Amino acid sequence: MATYRLTVNGQPRTLEAEPEMPLLWALRDELGLVGTKYGCGIGACGACTVHLDGVAMRSCSLPLGKLNGEAITTIEGLSAEGDHPVQLAWLEHDVPQCGYCQAGQIMSAASLLNLTPDPSEADISSGMSGNICRCGTYSRIHAAVKTAAQKLS
Amino acid sequence: MSTTRTNRRSFLKVSAATGGGMLLGLSWLSSCQNEQVAKAAPSLVMPEEWVTVSAFLKVGDNGVVTIMSPNPEIGQNVKTSMPMLVAEELDVDWKNVVVEQAGLDTEQYSRQLAGGSQSIRVAWEPLRKAGATARYLLVAAAAQQLDVDAGELRTENGYVYHDGSDRKLGYGELASLAATLSPPEEVTLKAAGDFKIIGHGKKNVDAKPIVTGQPLFGLDLQRDDMLYAAIVHPPAFGMKLKSVDDSAARSMPGIRDVVRINAAPEGVELQWSDVNAFPELVAVVGDNTWRVLQARKALQIEWETDSAAESTDAQRQKLQELLDNGTAEEARRDGDPEAAFARAAQVVEATYSAPFLPHNTMEPMNFFAHVTADKAELVGPIQTPEFLRTTVSRLLDLPEEQISIMMTRMGGGFGRRLYGNFGVEAALISEAAGGLPIKLVYSREDDMTQGTYRPEYLVRYRAALDEDGRLIGFHVRGTGTNESPVFANRFPAGTVDNYLAENLSSETNVSTGAWRAPRSNFIAGAEQAFLDEVAEAAGKDPIAFRLELFDRAIEDPVGEENDYDAERYAGVLKLVRDKSGWNTNDDKRGVAAYYCHNSYVAQVLELEMKNDEPHVTEVHCAVDCGIVVNPEGALNQIEGGITDGIGHALYGQLTLTDGVPDQQNYDTYRLIRHNEAPHAIHTHFVESETAPTGLGEPSLPPVIGALANAVYRQTGQRVYRQPFVQPRELRG
Ligand code: FES
Ligand code: FES
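Remember, it's a predicted structure, so these values are computed and weren't measured experimentally.

The next thing to look at is the overall build of chain B. Helix and strand counts for chain B come out as 18 helices and 28 strands. A compact globule built from 732 residues would reach a C-alpha radius of gyration of about 27 Å, and chain B, at 28 Å, matches this within 12%. Each principal axis of the C-alpha distribution contributes one length, and for chain B these read about 80 × 75 × 45 Å. Expressed as a percentage of the 732 residues in chain B, the buried residues total 63%. Of all intrachain contacts in chain B linking residues separated by at least 6 positions in sequence, the fraction that spans at least 24 positions is 78%. Summed over all atoms, the accessible surface of chain B reaches about 26,000 Å², with 44% contributed by carbon and sulfur. Averaging the locations of the 68 positively and 102 negatively charged side chains of chain B gives two centres separated by 3 Å.

Per the secondary structure count, chain A includes 5 helices and 5 strands. Helices and strands in chain A line up, N terminus first, as β-β-α-β-β-β-α-α-α-α. Taken over the C-alpha trace, chain A has a radius of gyration of 15 Å; the compact-globule value for 153 residues is 15 Å, and the two agree within 12%. The principal-axis extents of the C-alpha atoms in chain A amount to approximately 45 × 30 × 25 Å. Residues counted as buried form 60% of the 153 residues belonging to chain A. Partitioning the intrachain contacts of chain A with sequence separation of at least 6 by distance along the chain shows that 55% fall at a separation of at least 24.

With that out of the way, let us pick up the interface of chain A and chain B. In this assembly, 56 residues from chain A lie in contact with 62 residues from chain B. Taken over both partners, the interface formed by chain A and chain B buries close to 4,800 Å², and the fraction arising from carbon and sulfur atoms is 56%. Our enumeration of links across chain A and chain B arrives at 7 salt bridges. The tally of links between chain A and chain B comes to 28 residue pairs in polar contact (both at pLDDT 80 or more). Among the elements of the structure, β2 (11-17), α1 (23-30), α2 (85-92), α3 (102-115), α4 (121-127) and α5 (138-152) of chain A are those that each provide at least two residues to the side of chain A that touches chain B. The element contributing the most residues to the side of chain A that touches chain B is α5(A), with 5 residues.

This part is about the pattern of salt bridges. Working definition: two side chains of opposite charge can pair if their charged atoms are close together. Residues and elements named next belong to chain B. What the rule picks out here adds up to 50 salt bridges over all chains. Ionic pairing is found between E349 and R460, a salt bridge with its closest N-O pair at 3.7 Å. Remark: R460 occurs in strand β20 (residues 457-465) and E349 occurs in strand β15 (residues 346-354); sequence separation between them is 111 residues. According to the relative accessible area criterion, E349 is partly exposed, its value standing at 47%. In this structure, R470 engages D466 in a salt bridge whose closest nitrogen and oxygen atoms are separated by 3.2 Å. Its relative accessible area of 47% is what places R470 among the partly exposed residues.

The subject of this paragraph is the sheet that holds strand β9 (residues 227-232) of chain B. All names here are of chain B. The sheet built from 7 strands is open, its strands ordered β11-β12-β9-β19-β16-β17-β18 with mixed pairing. Here the strands that pair on one side only, and so sit at the sheet edges, are β11 (255-262) and β18 (403-407). Strand-to-strand twist across the sheet, computed as the mean angle between neighbouring axes with direction ignored, equals 25°. In this fold helix α12 (residues 421-432) packs onto β9, β11, β12 (280-286), β16 (366-371), β17 (376-380) and β19 (438-441), with an angle of close to 35° to the strand it touches most, β16.

All names here are of chain B. One can describe the packing of helix α15 (residues 542-555) onto helix α16 (residues 566-580) by two numbers: an axis separation of 9 Å at closest approach and a directional angle of 155°. Judged on the interaxial angle alone, α16 and α15 are roughly antiparallel. Crossing hand, α15 versus α16: left-handed. Along the contact surface, α15 presents I543, R546, L547, F550, A553 and I554, while α16 presents A566, E567, Y569, A570, L573, K574 and R577. For the contact of α15 with α16, the class distribution of residues is 9 nonpolar, no polar and 4 charged.

Residue and element names in this part refer to chain A. Under the domain assignment used here, chain A contains domain 1 (2-77) and domain 2 (85-152). Computed over C-alpha atoms only, the centres of domain 1 and domain 2 are separated by 21 Å. Tallying the contact residues gives 17 residues for domain 1 and 13 residues for domain 2. Both sides of the domain 1 and domain 2 interface together cover about 1,200 Å² of buried area, and 58% of this is carbon and sulfur. Joining domain 1 to domain 2, the criterion identifies 0 salt bridges. Taken together, the connections running from domain 1 to domain 2 amount to 7 residue pairs in polar contact (both at pLDDT 80 or more). Secondary structure elements with two or more residues in the side of domain 1 that touches domain 2: β3 (49-52) and β4 (55-58).

Residues and elements named next belong to chain B. Where helix α4 (residues 119-146) contacts helix α5 (residues 171-178), the axes come no closer than 8 Å and their chain directions differ by 95°. Of the possible angle classes, the one that applies to α4 and α5 is roughly perpendicular. Touching R135, L137, L138, A141, A142, Q144 and Q145 of α4 are Y171, E173, L174, A175, L177 and A178, all from α5. Tallied by class, residues from the contact of α4 with α5 come to 9 nonpolar, 2 polar and 2 charged.

With that out of the way, let us pick up the packing of aromatic side chains. Residue and element names in this part refer to chain B. Across all of its chains, the model carries 26 aromatic pairs over all chains by this definition. Ring geometry for Y352 versus Y720: centroids 5.3 Å apart, planes at 55°, classification tilted. Here Y720 lies in the segment after α18 (700-715) and Y352 lies in strand β15, a separation of 368 residues in the sequence. Look at Y461 and F530: their rings are 5.1 Å apart centre to centre, the planes differ by 15°, and that puts the pair in the stacked class. With Y461 in strand β20 and F530 in helix α14 (residues 520-537), the pair connects residues that are 69 residues apart, well separated along the chain. Among the residues examined, Y461 registers a relative accessible area of 2% and is labelled buried.

For an α-helix the count is 3.6 residues per turn, leaving residues at separations of three or four pointing the same way. Every buried residue of α2(A) is accounted for by A:V86, A:Q87, A:A89 and A:W90. Down the axis of α2(A), the buried set is contained in an arc of 160°. They therefore lie on one face. On its buried face, α2(A) sits against α3 and α5 of chain A together with α6 (207-211) of chain B. Following α2(A) by one or two positions, A:D94 has its phi on the positive side, about 45°.

A few words now on the UniProt feature "domain: Aldehyde oxidase/xanthine dehydrogenase a/b hammerhead" (unreviewed entry) in chain B. When the UniProt feature table is mapped onto this chain, "domain: Aldehyde oxidase/xanthine dehydrogenase a/b hammerhead" (unreviewed entry) is found at residues 212-307 of chain B. Here residues 212-307 of chain B runs as 11% helix and 35% strand, with 48 Å between its end C-alpha atoms.

What follows is about the pairing of strand β4 (residues 65-69) of chain B. Residues and elements named next belong to chain B. Burial of β4 is extensive: 5 of the 5 residues sit out of reach of the surface. Judged by which residues are buried, β4 turns out to be covered on both faces: V65, I67 and S69 on one side and T66 and M68 on the other are all buried. Sheet topology places strand β3 (residues 57-60) next to β4; 3 bridges connect them, and they run antiparallel. Directly across from V59, in β4, lies its bridge partner V65. From the end of β3 to the start of β4, which pair antiparallel, there are 4 residues, and G63 there has a positive phi angle of about 95°. Judged from the 5 bridges that link them, β4 and strand β5 (residues 97-101) form a sheet pairing that is parallel. By the bridge assignment for β5, V65 is matched with V97. Between β4 and its parallel partner β5, the chain crosses via helix α3 (residues 78-90), and the hand of that crossover is right-handed.

Before going further, it helps to spend a moment on a nonpolar patch on the surface. Residues and elements named next belong to chain A. Taken together, V55, M57 and L115 make up a surface patch of nonpolar side chains, about 250 Å² in accessible area. Assignment of secondary structure puts V55 in strand β4. Given a relative accessible area of 34%, V55 falls into the partly exposed group.

With that settled, the discussion passes to the state of the cysteines. All names here are of chain B. A complete count under the given rule lists 0 disulfides over all chains for this structure. A disulfide-free cysteine, C625 has its sulfur positioned 10 Å from the sulfur of C621, the nearest such atom. For C625, a relative accessible area of 1% translates into the label buried.

A few words on the layout of surface pockets. All names here are of chain B. Volume-wise, the second largest pocket comes out at about 560 Å³. In terms of lining residues, the second largest pocket is bounded by 40 residues, among which Q76, S117, Q637, L695 and G696 are the most central. Among the secondary structure elements, those contributing two or more residues to the lining of the second largest pocket are α3, α4 and α17 (631-651). With 3 residues, α17 is the largest single contributor of residues to the lining of the second largest pocket.

Thresholds applied
Residues numbered from 1 in each chain as written. Chains lettered and ligands numbered in written order. Predicted model: local features only at pLDDT ≥ 70, side-chain atom pairs only at ≥ 80, totals over all residues. Heavy atoms only, no water. Helix = DSSP H or I, 4+ residues; strand = E, 2+ residues; numbered from the N terminus. Rg over C-alpha atoms; globule rule 2.2 N^0.38 Å. Buried < 20%, exposed > 50% of the residue type's maximum accessible area, 1.4 Å probe, protein only. Contact = heavy atoms within 4.5 Å. Areas by Shrake-Rupley, 256 points an atom, 1.4 Å probe, with all protein chains shown as cover. Lys, Arg positive; Asp, Glu negative; His and termini not counted. Charge placed at Lys NZ, Arg CZ, Asp CG, Glu CD. Buried area = accessible area lost by both parts, 1.4 Å probe. Salt bridge = Lys/Arg side-chain N within 4 Å of Asp/Glu carboxyl O. Polar contact = N/O pair within 3.5 Å; in protein donor to acceptor, adjacent residues only side chain to side chain. Pairing = 2+ DSSP bridges. Axes fitted to C-alpha atoms, helices over the stretch in contact; angles between N-to-C directions. Parallel < 35°, antiparallel > 145°, perpendicular 65-115°, else oblique. Left-handed = near helix turned anticlockwise from the far one by under 90°. Nonpolar A, V, L, I, M, F, W, Y, C, P; charged D, E, K, R; others polar. Domains from an automatic or database assignment. Phe/Tyr/Trp six-rings, centres within 6.5 Å; stacked < 30°, edge-to-face > 60°. Arc of directions from axis to C-beta. UniProt positions renumbered as here; feature names shortened; annotations may be inferred. Right-handed = clockwise from strand over helix to strand, strands pointing away. Patch = residues over 30% accessible without salt bridge, like charges linked within 9 Å, V, L, I, M, F, W, Y side chains within 5 Å. Disulfide = S-S within 2.5 Å. 1 Å grid on protein atoms, 1.4 Å probe; cavity = no way out; pocket = protein on both sides within 12 Å on 5 of 7 lines; lining within 4 Å. Points joined across faces, edges and corners; volume = space filled by probe spheres on them.

Given below as structure tokens:
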């Protein structure tokens, strides 16, 4: 066990945990931030996507011991009022079906647009392919990312 | 047909400040309702007082209305579309409506179940009547208050108007009185032409909480003192638990208990929903999901053989043997099929197969349970709460009245959560751990290897054509693990004089069950691919060939029991032909049409080959589901079903080696991804005033046929075996 001092959504948070514990379970079960989802635990579905210093990471595959004081952003902290352009685009396109994958999708999209503000179709397709949606909302996700890119530019 | 229950609770008035709108105070979800509602609809001002007018409805003093959504929400959007039915007849402004998920309450609601795309179809009358009944009461209250005849009043957007005296009263001012009045025996419902909410797209009522990551799902549930649990089930079908040494696991950090449970003890009667290959389990209970998942690796467990360890190759051989030589059950016979085949100028024959499919809901199975001596509280994702309650009652020997079940929003269902073994397990674990409140969480591997899989199927079709390319005989013979996929009375039954349908089924110890559009999810693709081949042999355009068959079924149907309406069937095919600009002579696209779950769907699909794999670029889809209650949600369902169907037909497959599933997570199991999915899906609804039918499933089955036919037209190769893309290395 070790003590970890994290910065999550701009807030300092402290917890006691094993260095091997993935950030995902620290966020969910220790800090009560359940917006970040569990889907596979092996970095293959994207449901657990968070930002480390603004860049998308799979929190299920990120042990606490590997963190280096990066600013952690989860879906709960992507925007104060739920009005990040990506979130607004998701509402506009009524993207979710079951909704379970969508926090991860949104975090991936926000990171993609941070790195590639004016993405091509191919950029969107490859940038969003790490996130699985069993409900099959990809066509709406695709359209929503384009809308968000326009809003951001 | 279910009926409206108008028996109301006695007059109830509660203050929002002290927990208004929390009549289901037993649940975690509703206990933070006001907070959740505020996040879902921040622009709404919450009332100070709520009045319960009926089981479906609470009216706030400021006119804001809470509509209860009784059915489980699995992503099929009933939490939006079903309250729309109530709101329409209540005559309120949708902007002033908040929706609250109801828990299981069989006294107030009927059919609280998500399955078979039936929610909207079954609720169409009762929910509108519930809205109309409440409106009647509000009008009656206004008549008393204004001292006029109810006949002089009209309603609009949450107000009752008396035009004669130019007065109006808001529903919020009337609710207290309305709740004391007796409901009418009969109510009149609006004509379809007068709908203001039905038929007008409404966005998902949970969209805001979803995109902001608010707790909605079973997996998100947290309670003070709640612990987490993980199960260990046998590594292979055909094995069972022998002994366990838990000493190492017990001493690991955060671990509170290790228990053994049995969900199928001798002498307890189980139900259809209790499909479970592994009733005897070990469970680890602790203070963090990751810790219990770690600790279970430290368990020393001995397994023993219970029945045969089956492998996919052997199972497939067995099905093939059965198909070739087995004695079938004859499901339908018209005319003299043998004679028709004997005199045919041409016989077309083809055999199709499909593998086991796990459901792979993105939210893995989980459930919260808190079982004490005299009550059990369960919260979680379940499509069949009523059945879960019955099984839990039998296993805990606790009366049903002492068991409460709250349904959470579900991260997908697709049939998996019809079988509530995880809910049962959670209750048994809580009990065995001495009444601790626990949340059972399946890992992805647990979820994929302990499934109720879509069965393996195998079907052979034969068609007899005469010299002029007319279909004179048709024979379908199907088999599968635990069930045959054949629907004897579906198309083309009824269109051909000589017809034979046969079923055979083979048993397995692998647990199987309903998977989005059961049986149709395979047989539609097989049948529609076969008809394409038959049309080609007959020298006809595939759409024209099908329309000829429908003409026959319209003019002079064969047999009495044909499950479909041939005119509506032909209607969607013509609509998709026209909308897609189908080119009869030289179209490189694939076409298919299918009827299931009371709805009709036809598709034209375009693809290109990329690295030897089909990549679907565009789909046109025509749908006849009667009145479209919520066009916004309906489009999403259609698009999702299409993408899901394409993905599973191309890549989905679970195989077994000696009873052990070969695929256990997404490194070896391939689900369709963003770059593989079509981004242009054009949906066209048939305009209709017929009562609405389901949409959660019907767009999936035919797309597999359209895909197979498009592959043929692009490559010249017919595809008979799913998955169409054979497995390769997957990327992480
Ligand atoms: S849960 Fe992390 S990628 Fe799937
Ligand atoms: S919306 Fe259900 S998994 Fe994506």
